[in-house]
Every structure is written in structure tokens, then in C-alpha cells.
Amino acid sequence: MKVRPKNEVIRVKTLPPAEALEHFETRFAQETDCWDVHSTQELEERGFVLLDVRSKEAFSKGHLPGAIHLPHWTLNQSKLAEYPVDTLFVTYCAGPHCNASTKAAAKLARLGRPVKEMIGGVTGWLDEGFTLETS
């Protein structure tokens, strides 16, 4: 008798639709994506500060246009002093295999700052066909 593998897709039941909606809408409050960030490039006022939280070497090899380099391990109140307390920050790192943007987002939230994480990071940005700047 052949043993069928477990169906992991259906093994765990889904949330009721109202709870699923709350879950997904909460994610939108915490995340943005490469297309949404890219669409702001031509705006006079982006409405957020884009933070590349990777190493100096990674930043210099290529970063998103308009990004400010601020490695996640250096984030503190004094580094943020020039920004009003209601400034929205959007963090990104190398991509899905990297959690530096999550570390930075958590640190910014602990410091009382509004923050979203750009999912996909540099990998997602390049996958979408967008280009990087070098410095």
C-alpha cells in the first residue's frame, strides 16, 4: 500500500474571512513592496525616508535611488534626530534571505518611529527590472 504524503496546504485550516481580512490588512500597515516604492521616485515629496540598512560595502555596490545608508546596527535616537518624530521610514536590505530590514524596522518601532518594511529588498527590486544607483 502506497502512503500518500501529507497535504500541508490544507492540513492547517484557514482563518474565517473576517479574521483573514484583518491579518492581511495589518500586513499592509507594516509592509510595502518594490512597485509601490518605485512609483514614488518621480514625486516631489515621497512621504517617507527610504533606509538601506545593509553594510557600507553592499550599499556602495548598489542601492535604491534616493536611499539613505543607515546600517541597522547603528540605528539610535541621535542618528534620527534630524527627522521629525512622525517621519515614516521604509527599510530594506538584500532580500528574502536577509532579515536586516526586519531588525531595523523593529528597532525604529522601539524608538517610537513609524516604519514599514519593503518586502523583497534589493533582490525583489532587481527582479522587477528596476535599476540601482552606485556611490
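Please read all numbers here as calculations on a predicted model, not as lab measurements.

### Some words on the overall build of the chain
- Each helix and strand counted, the chain has seven helices and five strands in total.
- Overall, the chain shows an N-to-C arrangement of helices and strands of α-α-β-α-β-α-β-α-β-α-β-α.
- For the chain, whose C-alpha radius of gyration is 18 Å, the value lies well above the compact-globule estimate of 14 Å for 135 residues.
- By principal-axis analysis of the C-alpha atoms, the chain measures approximately 65 × 30 × 30 Å.
- Across the chain, every contact between residues at least 6 apart in sequence was considered, and the portion connecting residues at least 24 apart equals 68%.

### Some remarks on the pairing of strand β2 (residues 49-52)
- The side-chain alternation of β2 yields two buried faces, one formed by Val49 and Leu51 and the other by Leu50 and Asp52.
- One ladder, built from two bridges, connects β2 with strand β3 (residues 68-69); its direction is parallel. Among the inter-strand pairings, Leu51 is bridged to a residue of β3, identified as Ile68.

### Focus on the environment of His38
- By the element assignment, His38 lies in helix α3 (residues 34-38).
- Between the C-alpha atoms of His38 and Leu132, which are 94 residues apart in sequence, the distance is 11 Å.
- Among residues more than four places away in sequence, those in contact with His38 are Trp125 and Phe130.

### Brief notes about the pattern of salt bridges
- Under the criterion given, the structure shown has three salt bridges.
- For Arg27, the salt bridge identified is with Glu31, shortest N-O distance 3.4 Å.
- Asp52 is paired through a salt bridge with Arg54; the nearest N and O atoms lie 2.7 Å apart.

Scoring rules and cut-offs
- Residue positions are counted from 1 within each chain, in the order its sequence is given.
- The model is predicted, so local features are restricted to residues of pLDDT at least 70 and side-chain atom pairs to those at 80 or more, both for listing and for counting; the totals for chains, interfaces and linings are taken over all residues.
- Hydrogens are left out, water is left out, and the side-chain values use all remaining heavy atoms of the structure.
- Helix and strand definitions here come from DSSP, where helices need a minimum of 4 consecutive H or I residues and strands a minimum of 2 consecutive E residues; each element is numbered from the N-terminal end.
- We take the radius of gyration over the C-alpha atoms and set the globule estimate at 2.2 Å times the residue count to the 0.38 power.
- By the convention used here, residues are in contact when the closest approach between their heavy atoms is within 4.5 Å.
- Residue exposure (1.4 Å probe, protein chains only): buried if accessible area is under 20% of the type maximum, exposed if over 50%, otherwise partly exposed.
- Here a strand pair is declared whenever DSSP counts at least two bridges between the two strands.
- For salt bridges, the criterion is a side-chain nitrogen of Lys or Arg within 4 Å of an Asp or Glu carboxyl oxygen.

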